[in-house]
Amino acid sequence: MIPQLVTVRYRRPDGRRLRLYVPVLPVLVVLSPLLLLAVLGGLVACLVFRVSLMGALRGTGRLLWALPGARFEIAQGRTAVLVCVR
């Protein structure tokens, strides 16, 4: 299942918090030209480094399947970003 919504919580250095809800599908539609270039670059990298194309696709599929429910936090100093994928 592809994630539908990504929630990003951002804590500013002054302590205030900001919560953003990012819908995945509209972002993918807008960024699809860049996504196409990334896929083509990945295919070229697989050919250059002699990596199995099917193995790379299988790994990408497993990563996308594992994303829903994932949470990770990035903190530096007094600023923190928490990302939740639903």
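The structure contained in this document is the topic of the report that follows. (Residues numbered from 1 in each chain as written. Predicted model: local features only at pLDDT ≥ 70, side-chain atom pairs only at ≥ 80, totals over all residues. Heavy atoms only, no water.)

**So, the side chain of Thr7**
Residue position: Thr7 is located in strand E1 (residues 5-11). Not counting chain neighbours up to four residues away, the residues in contact with Thr7 comprise Arg19, Leu20, Tyr21, Leu82, Val83, Cys84 and Arg86. (Helix = DSSP H or I, 4+ residues; strand = E, 2+ residues; numbered from the N terminus. Contact = heavy atoms within 4.5 Å.)

**With respect to the sheet that holds strand E4 (residues 79-85)**
Taken together, the four strands give an open sheet; going across it, the order is E2-E1-E4-E3, and neighbouring strands pair in antiparallel fashion. Edge positions in the sheet fall to strand E2 (17-23) and strand E3 (71-76), since each has one partner strand and no second. Sheet twist, expressed as the mean angle between neighbouring strand axes with direction ignored, is 15°. Pairing analysis gives six bridges linking E1 to E4, with the strands arranged antiparallel. Bridge pairing in E4 links Tyr10 to Val81. (Pairing = 2+ DSSP bridges. Axes fitted to C-alpha atoms, helices over the stretch in contact; angles between N-to-C directions.)

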